[in-house]
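# A closer look at the structure
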Amino acid sequence: MISVEKGYVDALIPEGTDLRSEILRLKREKNAVIMAHYYQRPEIQDIADEIGDSLALAQMAARSDAAIIVLCGVHFMGETAKILCPDKKVIVPDMNAGCSLADSCPAPDFAKFVAEHPGHTVISYVNTSAAVKAHTDIVVTSSNAKQIVESLPADEKIIFGPDRNLGNYINSVTGRNMLLWDGACHVHEQFSIEKILQLKKLHGDAQVLVHPECRKPVQMVADKVGSTQALLNYAVAADCSTFIVATESGILHEMQKRCPHKTFIPAPPEDGKCSCNECAFMKMVTLEKLYNSLRYELPEITVDEAVAEKAVKPIRRMLDISRNLGLIK
Ligand code: 13P
Ligand code: SF4
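None of the values given here were measured: they were computed from a predicted structure.

Calculation rules
Residues numbered from 1 in each chain as written. Chains lettered and ligands numbered in written order. Predicted model: local features only at pLDDT ≥ 70, side-chain atom pairs only at ≥ 80, totals over all residues. Heavy atoms only, no water. Pairing = 2+ DSSP bridges. Helix = DSSP H or I, 4+ residues; strand = E, 2+ residues; numbered from the N terminus. Axes fitted to C-alpha atoms, helices over the stretch in contact; angles between N-to-C directions. Buried < 20%, exposed > 50% of the residue type's maximum accessible area, 1.4 Å probe, protein only. Polar contact = N/O pair within 3.5 Å; in protein donor to acceptor, adjacent residues only side chain to side chain. Contact = heavy atoms within 4.5 Å. Phe/Tyr/Trp six-rings, centres within 6.5 Å; stacked < 30°, edge-to-face > 60°. Lys NZ or Arg CZ within 6 Å of the ring centre and 35° of its normal. Near = heavy atom within 4 Å. Areas by Shrake-Rupley, 256 points an atom, 1.4 Å probe, with all protein chains shown as cover.

Pairing in this open sheet of four strands is parallel, and the strands run β2-β1-β3-β4 from one edge to the other. Of all the strands in the sheet, just β2 (50-52) and β4 (89-91) have a single pairing partner and so form its edges. Strand-to-strand twist of the sheet, defined as the mean angle between neighbouring strand axes without regard to direction, takes the value 20°. With five bridges joining them, strand β1 (residues 32-37) and strand β3 (residues 68-72) adopt parallel strand pairing. Residue pairing for β3: Ala-32 is matched across the bridge by Ile-68.

Spelled out as structure tokens, the structure:
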């Protein structure tokens, strides 16, 4: 009997196994697709069929015709894929891959907050549990939050959760006054404004790329504030050769691949000794865990049917609005 007690398949891998070729073989045999977020380890990004940010992953899941989706990302991403594809097997190689932002918004507390503020449209960032999505009218990601908020009437009362930094950013660029949930991502909140300014002094013509989950002072020194995908697109197109990147450092792999002649410097966290600009949850997926998860088709994501039935509506609404706005195909 194979155990997933630890949150991942803890099975011995025979010595000398060529993990890459075995993963590719199993994937073909089982009609599985491997999707990975840009914050995954480089070797996971390189073996994935599709890589993308949170919006792209939801979109890929929605239109996938594979029998099995292996979601190399964090738990809420697997849940979103399962909610969109209830008939498919959705596997996350390590169920311990959580998200501090999603954890900052427990569903019962969020439901209470919503109930205390009747008459509001509830917008939730995709970095939330299925149970929070079930209390939501429209899900957004950082790639479409601004445009989706702008698509609503100017006087619409809005609750936005759970990321306070993204919420404040959207309020500032849209002139709205959304009621914000007080949550945050422990990785994006770690960047040191002082160290970024020091780096800027050292690299005179470097541009600063900042994710809107970062704190306001960091956003204020940005040449570009945007989602992971938007920052990547900007780096590819910009007529500049050096960038200081204030988001999870996994994106540097794709930036460097797409722009081999440009220089990307990860923005340092406050604590010089930690690797806090890496999301430990995202890095839990390894080639070994990916191999074992495909081999045993475990651990599988499940979502309570009643919750999924409610949560699918705001996710589909996000995809529909994004399509109508021309943000996705
Ligand atoms: P995006 O993928 O939407 O940029 O979100 C960043 C993030 O923190 C994902 O967990
Ligand atoms: Fe969650 Fe932050 Fe990790 Fe993204 S980077 S998965 S928001 S903890």
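What follows picks up the thread again.
What follows is about the side chain of Gln-45. Residue placement: Gln-45 occurs in helix α2 (residues 42-47). By relative accessible area, which is 3% here, Gln-45 ends up buried. Of note is the side chain of Gln-45, whose polar atom sits 3.2 Å from the backbone oxygen of Gly-250. The contact partners of Gln-45, leaving out residues within four places of it in the chain, are Ala-36, His-37, Tyr-38, Tyr-39, Gln-40, Ile-51, Gly-250, His-253 and Glu-254.

With that settled, the discussion passes to the packing of aromatic side chains. Going through the model one piece at a time under the given rule, you end up with three aromatic pairs. Look at Phe-113 and Trp-181: their rings are 5.3 Å apart centre to centre, the planes differ by 80°, and that puts the pair in the edge-to-face class. With Phe-113 in helix α6 (residues 107-116) and Trp-181 in the loop between β8 (179-180) and α10 (193-202), this pair connects stretches of sequence that are 68 residues apart. Across the pair, exposure class does not vary: Phe-113 and Trp-181 are buried alike. Their ring planes at 15° and their centres at 5.3 Å tell us that Phe-243 and Phe-264 sit as a pair that is stacked. Separated by 21 residues along the polypeptide, Phe-243 in strand β11 (residues 242-246) and Phe-264 in strand β12 (residues 263-266) bring together distant segments of the chain. Through a chain of ring-to-ring contacts, three or more aromatic side chains come together here, namely Phe-110, Phe-113 and Trp-181. The side chain of Lys-289 reaches across the aromatic face of Tyr-8, ending 4.6 Å from its centre.

Okay, the environment of Gly-119 next. Relative to the helices and strands, Gly-119 is located in the loop between α6 and β5 (121-125). Judged by its relative accessible area of 65%, Gly-119 falls in the exposed class. Put simply, Gly-119 and Lys-157 are 38 residues apart on the chain and 6.9 Å apart in space, counted from C-alpha to C-alpha.

Near ligand 1 you find 13 residues, and of these His-37, Ser-54, Ser-142, His-211 and Thr-228 are the closest. At a separation of 2.7 Å, an oxygen atom of ligand 1 approaches a polar side-chain atom of His-37. Within the side chain of Ser-54, one N or O atom sits 2.9 Å away from an oxygen atom of ligand 1. Its free accessible area being 300 Å², ligand 1 has 96% of it covered by the protein chains.

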